[in-house]
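Summary of the model geometry
Here is how the chains run, residue by residue.
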Amino acid sequence: MGFPSLLAPPEALRAAAGALASIHAAKLGLRAPPLGDGRPLGPGGVVLAAAVGLADAKSVAEALAEACPELSGAWDLVLRDAIVSRALATSIDADLADMLRARSPLTAVRERPAPGGEDETVLTIAALAGHADGRRLVVQTFARPGAPREVRRFRAAAMERLRTGDASLLDLVIEVYEAALVFHRERVMEEIAAARAVITGRGDPEAKIEDTLAVASFYGPLWRIRRAHGELLRKRHGLDLEGMLEGTRLFQLGAHLSGEDA
């Protein structure tokens, strides 16, 4: 099967791609059609799947990824994430991984963008937040603890930019922290305590300080919102005082250690 046929895949392949997109959308909590966008599935996901399948032939895989057509709608958005997120869970080449991230906007939101893709990904987050299912997906994704260092850093930076946007985006950021403390409170508090112990010299000596500082950075936007919009936080009953204080204090410890203003 050559590249031209990937742009016009046979019926069996289109059906399989559509089924995968439907299953993945359901897993993400996106009702059909996802984000209210009923446009038909385009070939982009199929092209990326071919690139992933040829990952051992790096030059061919990169050429396929480079030739991936423009996003054709929400079904395409979901299918690309289904394929790319699975590929990133393997030991795929780092350069190819970034090329795949750059062509899968939802993966960039759920994990992190390729270098240079931060602006576009923040715009994608804002667009997702305009739909109830998309907003819920962003909140649930960002609120979930245990992310790798690079992902935590991106989420902190993205929320810092979103909090200075319109009121809806500021509210989105607050919802992330509220969801973290409602649905993941025990693990969140354990992470904060472990990070505090490392920063103050009482924790695991094998812990990487950069990982610890990434945990602390996640609470920077919350600290700034608390200073500027304390009244908004007081209205959110899921933001219990202890959790909020521990998170913002951790940010201050990390900021002082790394020489940032806090």
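Owing to the predicted nature of the structure, the values given are computational and were not obtained by experimental measurement.

What counts, and at which threshold
- Residues numbered from 1 in each chain as written.
- Predicted model: local features only at pLDDT ≥ 70, side-chain atom pairs only at ≥ 80, totals over all residues.
- Heavy atoms only, no water.
- Helix = DSSP H or I, 4+ residues; strand = E, 2+ residues; numbered from the N terminus.
- Buried < 20%, exposed > 50% of the residue type's maximum accessible area, 1.4 Å probe, protein only.
- Contact = heavy atoms within 4.5 Å.
- 1 Å grid on protein atoms, 1.4 Å probe; cavity = no way out; pocket = protein on both sides within 12 Å on 5 of 7 lines; lining within 4 Å.
- Points joined across faces, edges and corners; volume = space filled by probe spheres on them.
- Nonpolar A, V, L, I, M, F, W, Y, C, P; charged D, E, K, R; others polar.
- Phe/Tyr/Trp six-rings, centres within 6.5 Å; stacked < 30°, edge-to-face > 60°.

Focus: the side chain of Thr248
- Examined against the element boundaries, Thr248 turns out to sit in helix H16 (residues 241-258).
- A residue is classified by how much of its surface remains accessible, and Thr248, at 0% relative accessible area, is buried.
- Discounting residues that sit within four places of it in the chain, Thr248 has contacts with Tyr219, Leu222, Trp223 and Arg226.

Structural notes on the layout of surface pockets
- In this structure, the largest pocket occupies an estimated 310 Å³ of space.
- In terms of lining residues, the largest pocket is bounded by 16 residues, among which Arg110, Glu111, Thr141, Arg144 and Arg155 are the most central.
- Contributing elements (two or more residues each) for the lining of the largest pocket: helix H9 (132-143) and helix H10 (149-162).
- Taken together, the residues of the lining of the largest pocket break down into six nonpolar, two polar and eight charged.

Let's talk about the packing of aromatic side chains
- Counted by the stated rule, this structure contains five aromatic pairs.
- Relative to Tyr219, the ring of Tyr177 lies with its centre 6.1 Å away and its plane at 35°, an arrangement referred to as tilted. Linking Tyr177 in helix H11 (residues 167-183) with Tyr219 in the loop between helix H13 (209-217) and helix H14 (220-228), this pair joins segments that are 42 residues apart in sequence. By the burial criterion, Tyr177 is buried, and Tyr219 matches it.

Concerning empty space enclosed by the protein
- A complete count under the given rule lists two cavities of 30 Å³ or more for this structure.
- Taken as a whole, the largest cavity spans an internal volume of roughly 90 Å³.
- Around the largest cavity sit Phe142, Ala143, Arg144, Pro145, Ala147, Arg152, Arg155, Val188, Glu191, Val215, Phe218 and Tyr219, which together line it.
- Residue assignment for the lining of the largest cavity shows that the elements contributing at least two residues are H9, H10 and helix H12 (185-199).
- Class assignment for the residues of the lining of the largest cavity results in eight nonpolar, no polar and four charged.
- The volume enclosed by the second largest cavity comes to roughly 30 Å³.
- Tyr177, Ala180, Leu181, Val188, Tyr219 and Leu222 are the residues that line the second largest cavity.
- The dominant element in the lining of the second largest cavity, judged by the number of residues it contributes, is H11, at three residues.

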